[in-house]
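Listed below are the residues making up each chain.
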Amino acid sequence: MAIGAISARAQTAAATTDATPKRADPTLEQRVMDLEAYVNNGARLADGTNNVSSKLGSYDDKANTFTPNPGPGANAWQMTSAALVLFMTLPGLILFYGGLVRRKNILSVAAQCFFITGMVTILWWVCGYSLVFHSGNPFLGNMGFAFLKDVTSAPNTDYSYWVSQNVFSMYQLMFAIITPGLIVGAIAERMKYSAIMAFIAVWMLVVYFPLAHMVWGIDGLMNGVWNANASIKAIDFAGGTVVHMSSGWSALVLCLILGKRNGWGKRAFLPHSLTMTMVGTGMLWVGWYGFNAGSAVAADGIAANAFTTTTLATAVAATVWPLLEWVTRGKPTILGFCSGAVAGLVVITPGAGFVSPSSAVIIGILAGVVPYLACTKLKAIFKYDDALDTFGVHGVGGTMGALVTGIFATPDVNANLNTNLAGLVGKTLWIEQLKAMGLTIAIAIGGTVVIAYAVKAVLGLRPSVEGEEQGLDEADHGEAGYHPDEGGYHGADQVEPAVQGAAAFAKTT
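Residues numbered from 1 in each chain as written. Predicted model: local features only at pLDDT ≥ 70, side-chain atom pairs only at ≥ 80, totals over all residues. Heavy atoms only, no water.

**Student:** I would appreciate a short explanation of the overall build of the protein in the present structure.
**Tutor:** Counting its secondary structure elements, the protein contains 17 helices and two strands. Put simply, the protein has 509 residues, and 53% of those count as buried. Looking at the protein alone, contacts between residues at least 24 apart form 73% of all its contacts between residues at least 6 apart. (Helix = DSSP H or I, 4+ residues; strand = E, 2+ residues; numbered from the N terminus. Buried < 20%, exposed > 50% of the residue type's maximum accessible area, 1.4 Å probe, protein only. Contact = heavy atoms within 4.5 Å.)

What follows is the structure, encoded as structure tokens:
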């Protein structure tokens, strides 16, 4: 049987020899060049007969096709980056936002972030990855990757020669998770759990998935770097439009539709734990290296530049914001340091892999000034209740970041800018950025208005007045983040008088 099988294979090979030219083994020079391509994150080599000369993948002589295999270093960096981006949400965003709300609402913030993580992951598996990263039309991908069909450990060469597509998919999932999580900050403490979950589920389908495809999809409407036929030849390295503008502008509209928190403007709404917020800020900063440097989809020179520019812009903005507080209010605050750091991270995001270190310093200064004014002056003038300043930092900061990226981007940092944008970079690229910004704002605002009013009609948006005063931890989840009678002096003013008296007696004895 074995001999017969070998014989049959030999006969088949002989029969096809004349029809299909036999592929010559790659020379040592070709193999070395292909190894250099791997190390430098370049294209695999191919000769005029479509024979790829790499030993890093598998070759089908009969079909005359090459199947690339992932590179271990590239996969290691991408999996690390994916973990870092998830770290930004769980626990970074939970701690950052959780410390800024009143203690009776901390668990509601955590619950929203956790549920977003689970729900968006399910949507990503069902259709999200396919709608964003499968080819389709300029506005949306098709369903070829639905349920992650054919998303294997082989690379999708539309996006990377060396990273497994399943790893790439998981990395991009983390962006999809944190984006709607940012919206939570604007409507914190006054939108009931069922309503925000319904809103975000539809928002992902209507706003995020189409927008992400337009900007990052291989045939996307605004993918100026890789789509030669893009109608808007814009650039967005790691999510200025897709992540920060979409969430920031949607957050503004949603908080306006919801209305102000009960008692807002009449009594103080103080953060219950700035220590928690400070720790969350540190986690966001650390995780953001996966967000920005990981967006190179390789551990290469572009990633190194993104790592550098992210550090510089963030450090500068974290210094400028509290300096402005010192000048205008007499004291620099920890909240100012935290807000400045996040603003710097936001504003550098769309340009991290496109701008020079010196440009990043300028961007950091702008990030420390403009979002500060938006959070302190603009909000005071228009009196909207953006609870945790999502619009001031992410909406305003992301919009400014998209614009300055078009001004400062240079092919000296990222040679890919010469692929389809050589005639625009340093000249009129900023005009293309304005077009992308306008379309992003229109999609975010339009989608949010329709979804919010639909959810309001079906479920209602706000808890009862009594539930809001009690706190969403109890109203929505039947839990409390703190139990003052068992944990020191947290919430001592809420302890029953008899318990307070017992505690006082115990201290005197």
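**Student:** I'm lost on the environment of Thr121 in this one. Help?
**Tutor:** Tracing the sequence through the fold places Thr121 in helix α4 (residues 106-133). What makes Thr121 partly exposed here is its relative accessible area of 31%. Distance in space between the C-alpha atoms of Thr121 and Met174 is 8.5 Å, their sequence separation being 53 residues. Apart from residues lying up to four places away in sequence, Thr121 is in contact with Ile116, Leu173 and Ile177.

**Student:** Would you mind going over the packing of α4 against helix α6 (residues 193-216) with me for this structure?
**Tutor:** Each pair of packed helices can be described by the angle between their axes along with the distance between the axes. α6 packs onto α4 with a crossing angle of 35° between their chain directions and a minimal axis gap of 10 Å. As α4 runs across α6, the sense of the crossing is right-handed. By residue class, the composition of the contact of α4 with α6 is 21 nonpolar, three polar and no charged. (Axes fitted to C-alpha atoms, helices over the stretch in contact; angles between N-to-C directions. Left-handed = near helix turned anticlockwise from the far one by under 90°. Nonpolar A, V, L, I, M, F, W, Y, C, P; charged D, E, K, R; others polar.)

**Student:** I'm lost on α6 in this one. Help?
**Tutor:** Helical periodicity: at 3.6 residues per turn, an α-helix aligns residues three or four positions apart in one direction. The largest bend along α6 reaches roughly 45° and is located at Met204. Among the 24 residues of α6, 17 are classified as buried, and the element is accordingly described as predominantly covered. (Bend = angle between axes of the 7 residues up to and from the residue.)

**Student:** Could you clarify how one ought to interpret the pattern of salt bridges in this entry?
**Tutor:** Between side chains of opposite charge, a pair can form when the charged atoms approach closely. For the structure shown, the criterion picks out nine salt bridges. Measuring nitrogen to oxygen at the nearest pair gives 2.9 Å for the salt bridge that ties Lys149 to Asp150. Linking Lys435 and Glu432 is a salt bridge whose minimum nitrogen-to-oxygen distance equals 3.1 Å. Residue Lys435 and its partner Glu432 are both found in helix α14 (residues 429-458); the two are separated by three residues, about one turn of the helix. Relative accessible area serves as the criterion here: at 41%, Lys435 is assigned to the partly exposed category. Its relative accessible area of 10% is what places Glu432 among the buried residues. Connected through salt bridges with shared partners, the residues Arg102, Glu189, Arg190, Arg261 and Asp385 form a single ionic network. (Salt bridge = Lys/Arg side-chain N within 4 Å of Asp/Glu carboxyl O.)

**Student:** Sorry, what's going on with the packing of aromatic side chains here?
**Tutor:** For any pair of aromatic rings, geometry is given as the distance between the ring centres together with the angle between the planes. Per the counting criterion, the structure on display carries 22 aromatic pairs. Seen from their ring centres, Trp321 and Tyr372 are 5.5 Å apart, and the 85° between their planes marks the pair as edge-to-face. Of this pair, Trp321 sits in helix α9 (residues 301-329) while Tyr372 sits in helix α11 (residues 357-382), and the two are 51 residues apart along the sequence. Taken individually, Trp321 and Tyr372 each receive the classification buried, so the pair is uniform in this respect. An aromatic cluster is present here, built from Trp124, Tyr129, Phe133, Phe145, Tyr159, Phe168, Tyr208 and Phe209 joined pairwise through their rings. (Phe/Tyr/Trp six-rings, centres within 6.5 Å; stacked < 30°, edge-to-face > 60°.)

**Student:** Looking at this structure, how should I read the packing of α9 against α11?
**Tutor:** For the pair α9 and α11, interaxial distance at closest approach is 7 Å and the crossing angle is 40°. As far as their axial angle goes, α11 and α9 are oblique. Like other packed secondary-structure pairs, α9 and α11 cross with a definite hand, here right-handed. (Parallel < 35°, antiparallel > 145°, perpendicular 65-115°, else oblique.)

**Student:** Help me out: how do you make sense of the confidence of the model for the protein in this one?
**Tutor:** Detailed conclusions should not be drawn from predicted coordinates in areas where pLDDT is low. In this model, the protein carries a mean pLDDT of 88, and residues with pLDDT of at least 70 account for 84%. Low pLDDT, under 50, characterises residues 46-67; the stretch is placed with 48 contacts to residues that sit more than four places away or in other chains. Here residues 489-509 scores under 50 on pLDDT; set against residues more than four positions off or in separate chains, the count is 13 contacts. (pLDDT = per-residue confidence, 0-100.)

**Student:** Looking at this model, I keep getting lost on α11. Mind explaining?
**Tutor:** Here α11 contains 26 residues, and its C-alpha end-to-end distance of 36 Å stays within 8% of the 38 Å for a straight helix at 1.5 Å per residue. Largest kink in α11: about 35°, centred on Ala374. Taken together, the buried positions of α11 are occupied by Ser359, Ala360, Ile363, Gly364, Ala367, Gly368, Pro371, Tyr372, Ala374, Cys375, Thr376 and Lys379. Against the buried residues of α11 lie α9, α10 (334-348) and α12 (390-408). After α11 finishes, the residue Lys383 shows a positive phi value of roughly 55°. (Expected span 1.5 Å × (residues − 1).)

**Student:** Looking at this model, I keep getting lost on unusual backbone geometry. Mind explaining?
**Tutor:** Put simply, Leu90 and Pro91 share a cis peptide bond, and its omega is 15°. Relative to the helices and strands, Pro91 is located in helix α3 (residues 72-100). One non-glycine residue, Leu148, lies in the positive phi region at around 55°. Residue position: Leu148 is located in the loop between α4 and α5 (165-183).

**Student:** So what exactly am I meant to see when it comes to a nonpolar patch on the surface here?
**Tutor:** A cluster of nonpolar residues, Leu274, Met278, Val279, Ile334 and Phe337, forms a patch on the protein surface that exposes about 390 Å² of accessible area. Broken down by secondary-structure element, the contributors of at least two residues to the nonpolar patch are α8 (274-292) and α10. Examining the composition of the nonpolar patch, we find that three residues originate from one element, α8, more than from any other. Within the fold, Phe337 resides in helix α10. The class for Phe337 is partly exposed, based on a relative accessible area of 38%. (Patch = residues over 30% accessible without salt bridge, like charges linked within 9 Å, V, L, I, M, F, W, Y side chains within 5 Å. Areas by Shrake-Rupley, 256 points an atom, 1.4 Å probe, with all protein chains shown as cover.)

**Student:** I keep staring at the nonpolar core and nothing clicks. Help me out?
**Tutor:** One finds Met191, Phe199, Met204, Tyr208, Phe209, Trp216 and Phe291 to be the most contacted residues of the largest nonpolar core, which totals 136 residues. Ranked by residues supplied to this core, first place goes to α6 with 15 residues. Not counting chain neighbours up to four residues away, the residues in contact with Phe291 comprise Val85, Met88, Tyr171, Phe175, Ile178, Ala238, Val243, His244 and Thr349. (Core = buried A, V, L, I, M, F, W, Y, C linked by side-chain atoms within 4.5 Å.)

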